[in-house]
Amino acid sequence: MSIFQPAALIPNLRFATSMANHRAPLLLLLPLLLLLLSVGGSVHCRSVLLGPPPPPDPVSDGASSADARRGDGHPYLLLSRSSSASDGSSSSSSCDQTYGFMPCTASWPGNLFLILVYGYLMFMAATYLSSGSELLLEILGPGIVGGLFLPMLGALPDAMLILVSGLSGSSETAQSQVSVGMGLLAGSTVMLLTVIWGSCIIVGKCDLHNSFALDKQDTKGFSLKGSGVSTDLWTSYAARIMVFSVIPFIIVQLPQILNSTSGKHLAVLISLIVSLALLIAYCVYQVVQPWIQRRRLAYVEDKHDVVEKLFRTLDENGDGYLSAAELKALIVGIRFEEIDLNEDDAVDKVMKDFDSSNDFLLELPEFVDGISRWLSTARSSGAASGMKNFGTMKFLDDLHHQTGQEHAQLKGGDQTDEVTEGVENPKLTTLKAVLLLVLGTIVAGAFADPLVDAVDNFSDATGIPTFFISFIALPLATNSSEAVSAIIFASRKKQRTASLTFSELYGAVTMNNLLCLSVFLAIVYIRGLTWDFSSEVLVILIVCFVMGAFASFRTTFPLWTSSLAFLLYPFSLALVYVLDYIFGWS
């Protein structure tokens, strides 16, 4: 009797991203660019007055001795109307065009519009980079490329914005705009660990039984202690790595902690070296111990339901239904030594339990619902009902256990950087991945500087500090794709999907704390800028330590933990405001 091999039934999972999925966003780029160019011709302009000439410049009623000495023939002191008016006009309404042709404006509605447009373009860049990275990871598998190169691509849009925020203009201009980069750095970390983390808890909550979340069971509603999410031990390891990634923040703050006015520049250099060392160590660790890459690969692959793939594999004639003969292929490889059922009886029982329409044919919803319902019952019933339905429950338990073993072996097998055999048209898929990566990089590099300028101009027009604008707005542009994907993935209400989702969030924060901080520190050190971000660093430390402590030492998160996460977001904004504008930290 052959043994059931789910790996043989389930085809190699692949992220079959098609260029058609990106066709609509690509078409949107062209009209946006045309709109920007047309706005650029009208926004940056000077007024032309039509009609009679303005009145002559006013004069004073006193003589100007200086004019008399000069001998210019004017007995009165002239007060230049046009000069003063033009100076005031230029100071209030002028702006500098990025690259010399990009649109700019001094009004807050115009800058708000530019922030939305540039933000959408950065969102598209992040989407292209994410899709291209997932394709390459699926093709190459865990290895050198997946450990060294791909993790940095996810943080590339943030790194680009931070880089251009400190490279613009003189040192005084860079010191003013670098707060945009710090706002993005802090805002991305805080948003991922508060708003996105809490949202994943809410959409992924299941009933808690003995401090463990039951997959696909959500009958207790919004019970603060009766429902929640469970993760595995590997997710806790990812959270601990995230906590260690904040070490460079502590180092750069040591002069402020010790009330030392000297050594700030040296502390920036030491923190930069430590941050780069930790970044390299983190990437090398992913190559030597590729469990992080495998979880990322599983996160990509599990975006497609395995049960649906199993259904389509069993559906030999492709008519969208499973007959008893086709269903027997699922049963024929199961061990029956300890089950009081033969193969035909097993098929009859599965068909009877799954076939809600009583037409002796299983549709996809019936198959998915039946598998999910039976496995949930098998896990939650326990010993109390084990003897009553020994045959059926043992059958399902063996099926579930065997499937888990095969899946673990599939994920834990040796992976190389070579193209896997399961990817159809690897050359075409590789080409798609490269094109997406190149397009995302070009868009991010081209529109990062205009976005920073728009934020700075919006701050000047409204009086709102650039930090708060970038803290709230920019992470929505660079992290929205990842955030939406995480929330949708968590909504499947399974421990596995929850574990992979939170692992991805912790990994994104780790790269933010290492790669993006390294770029920021390099800008501050090379350009000789002043490190004056104590309140911002404190916010990052508080959020990372609080959420990291939760995730490092527990694997079950009741619903009430989402409230804590949500409250940390406004708390972070309020803390920065109080420390900077009331206690004068900055």
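Small disclaimer: the values here were computed from a predicted structure and weren't measured. (Residues numbered from 1 in each chain as written. Predicted model: local features only at pLDDT ≥ 70, side-chain atom pairs only at ≥ 80, totals over all residues. Heavy atoms only, no water.)

To continue, consider the overall build of the protein. Looking only at helices and strands, one finds 23 helices and five strands in the protein. Of all intrachain contacts in the protein linking residues separated by at least 6 positions in sequence, the fraction that spans at least 24 positions is 76%. (Helix = DSSP H or I, 4+ residues; strand = E, 2+ residues; numbered from the N terminus. Contact = heavy atoms within 4.5 Å.)

Let's shift gears to the packing of aromatic side chains. Applying the stated criterion across every chain, the model contains 17 aromatic pairs. With a centroid separation of 5.4 Å and an interplanar angle of 80°, the aromatic rings of Phe 467 and Phe 468 are classed as edge-to-face. Take Phe 467: its relative accessible area is 6%, and that puts it in the buried class. An angle of 80° between the planes, with centres 5.7 Å apart, marks the rings of Phe 520 and Trp 531 as edge-to-face. Of the two residues, Phe 520 sits in helix 21 (residues 495-526) while Trp 531 sits in the loop between helix 21 and helix 22 (534-553), which places them eleven residues apart along the sequence. Taken together, the aromatic side chains of Phe 467, Phe 468, Phe 471, Tyr 569, Tyr 577 and Tyr 581 make up a single cluster linked through ring pairs. Positioned above the aromatic ring of Phe 222 is the side chain of Lys 205, whose terminal nitrogen or guanidinium carbon lies 4.6 Å from the ring centre. (Phe/Tyr/Trp six-rings, centres within 6.5 Å; stacked < 30°, edge-to-face > 60°. Buried < 20%, exposed > 50% of the residue type's maximum accessible area, 1.4 Å probe, protein only. Lys NZ or Arg CZ within 6 Å of the ring centre and 35° of its normal.)

This part takes up the environment of Ala 126. On the secondary structure map, Ala 126 appears in helix 5 (residues 108-140). Residues Ala 126 and Ala 444, spaced 318 residues apart in sequence, show a C-alpha to C-alpha distance of 7.7 Å. If sequence neighbours within four positions are ignored, Ala 126 has contacts with Pro 157 and Thr 478.

With that settled, consider helix 21. For helix 21, spanning 32 residues, the distance from its first C-alpha to its last is 46 Å, which sits close to the expected 46 Å at 1.5 Å a residue. Along helix 21, the helix axis deviates most sharply at Leu 517, where the bend reaches about 30°. Burial of helix 21 is extensive: 27 of the 32 residues sit out of reach of the surface. Phi for Gly 528, located one or two positions after helix 21, is positive at around 65°. (Expected span 1.5 Å × (residues − 1). Bend = angle between axes of the 7 residues up to and from the residue.)

Looking at the secondary structure, you find Cys 206 in strand 3 (residues 206-207). As a C-alpha pair, Cys 206 and Lys 493 span 287 residues in sequence and 6.3 Å in three-dimensional space. Setting aside anything within four residues of it in sequence, one finds Cys 206 in contact with Ala 213, Leu 214, Asp 215, Lys 216, Gln 217, Gly 226, Ser 227, Gly 228 and Lys 493.

Here the focus is the nonpolar core. Residues Trp 197, Phe 502, Tyr 506 and Trp 531 are the most contacted members of the largest nonpolar core, which totals 106 residues. Excluding its chain neighbours within four sequence positions, the residues that come into contact with Tyr 506 are Leu 193, Trp 197, Thr 235, Ala 238, Ala 239, Met 242 and Ala 551. Ranked by size, the runner-up nonpolar core spans 13 residues in total, among them Leu 322, Leu 327, Val 350 and Met 351. (Core = buried A, V, L, I, M, F, W, Y, C linked by side-chain atoms within 4.5 Å.)

Between its terminal C-alpha atoms helix 22 stretches 28 Å, which fits the 28 Å expected from 20 residues at 1.5 Å a residue. Here helix 22 lies mainly inside the structure; 14 of its 20 residues are buried.

What follows concerns unusual backbone geometry. One non-glycine residue, Asn 210, lies in positive phi territory at about 55°. Checked against the element boundaries, Asn 210 lands in the loop between strand 3 and strand 4 (227-230).

Our focus in this paragraph is the sheet that holds strand 4. Neighbouring strands of a sheet are bound in pairs by backbone hydrogen bonds; such pairs are parallel or else antiparallel. If you walk across this open sheet you meet the three strands as 3-4-5, and the pairing is antiparallel. The sheet is open, and its two borders are formed by strand 3 and strand 5 (556-558), each paired with just one other strand. The pairing of strand 3 with strand 4 spans two bridges and is antiparallel. For Asp 207, the partnering residue across the bridge sits in strand 4 and is Ser 227. Running at roughly 110° to strand 4, helix 8 (residues 171-204) makes contact with strand 3, strand 4 and strand 5 of the sheet. (Pairing = 2+ DSSP bridges. Axes fitted to C-alpha atoms, helices over the stretch in contact; angles between N-to-C directions.)

In contact at an axis separation of 12 Å, helix 20 (residues 466-490) and helix 23 (residues 560-581) are set at 170° when each is read in the N-to-C sense. For the element pair helix 20 / helix 23, the angle class is roughly antiparallel. Each of Phe 467, Phe 468, Phe 471 and Ile 472 in helix 20 lies in contact with helix 23, whose residues at this interface are Tyr 569, Ser 572, Leu 573, Val 576, Tyr 577 and Tyr 581. A class-by-class count of the residues in the contact of helix 20 with helix 23 yields nine nonpolar, one polar and no charged. (Parallel < 35°, antiparallel > 145°, perpendicular 65-115°, else oblique. Nonpolar A, V, L, I, M, F, W, Y, C, P; charged D, E, K, R; others polar.)

All right, on to the environment of Thr 235 then. Inspection of the secondary structure assignment puts Thr 235 in helix 9 (residues 233-244). Thr 235 sits 317 residues away from Ser 552 along the chain, and the two C-alpha atoms are 8.0 Å apart. There is a polar contact of 2.7 Å between the side chain of Thr 235 and the side chain of Asp 232. (Polar contact = N/O pair within 3.5 Å; in protein donor to acceptor, adjacent residues only side chain to side chain.)

On the surface, Ile 250, Leu 254, Ile 257, Leu 258 and Phe 545 cluster together into a nonpolar patch covering about 470 Å² of accessible area. Relative to the assigned elements, Ile 257 resides in helix 11 (residues 254-257). (Patch = residues over 30% accessible without salt bridge, like charges linked within 9 Å, V, L, I, M, F, W, Y side chains within 5 Å. Areas by Shrake-Rupley, 256 points an atom, 1.4 Å probe, with all protein chains shown as cover. Salt bridge = Lys/Arg side-chain N within 4 Å of Asp/Glu carboxyl O.)

Attention shifts here to the pairing of strand 4. Here is the key point about a regular strand: its side chains alternate between the two faces of the sheet. Side chains Ser 227 and Val 229 project from strand 4 onto one buried face, and the interleaved Gly 228 and Ser 230 project onto a second face that is buried too. Where strand 4 and strand 5 come together, three bridges link them in antiparallel fashion. Within strand 5, the position partnered with Val 229 by the bridge is Phe 557.

Turning our eyes to something else, we now look at the confidence of the model for the protein. Averaged over every residue, the pLDDT of the protein is 75; residues scoring 70 or more account for 68%. Confidence, read as mean pLDDT per element, is least for helix 1 (residues 6-9) in the protein (37) and greatest for helix 10 (residues 247-252) (95). Note that residues 63-72 has pLDDT below 50 and, in this model, eight contacts with residues that lie over four places away or in other chains. (pLDDT = per-residue confidence, 0-100.)

Take the packing of helix 9 against helix 22 next. Running from amino to carboxyl end, helix 9 crosses helix 22 at an angle of 155°, the nearest separation of the two axes being 8 Å. In terms of their interaxial angle, helix 9 and helix 22 are classed as roughly antiparallel. Considering only the axes of helix 9 and helix 22, their crossing is left-handed. For the pair helix 9 and helix 22, the contacting residues are Ser 236, Ala 239, Arg 240, Met 242 and Val 243 in the first and Cys 544, Phe 545, Gly 548, Ala 551, Ser 552 and Phe 553 in the second. (Left-handed = near helix turned anticlockwise from the far one by under 90°.)

To continue, consider the pattern of salt bridges. Scanning all chains against the criterion turns up two salt bridges. The partner of Lys 493 in a salt bridge is Asp 218, and the shortest N-O contact between them spans 3.3 Å. Linking Lys 493 in the loop between helix 20 and helix 21 with Asp 218 in the loop between strand 3 and strand 4, this pair joins segments that are 275 residues apart in sequence. Judged by its relative accessible area of 30%, Asp 218 is partly exposed. A cluster of three or more residues bridged by salt bridges with shared partners is formed by Lys 205, Asp 218 and Lys 493.

Here we come to the side chain of Asp 215. Within the fold, Asp 215 resides in the loop between strand 3 and strand 4. For Asp 215, a relative accessible area of 16% translates into the label buried.

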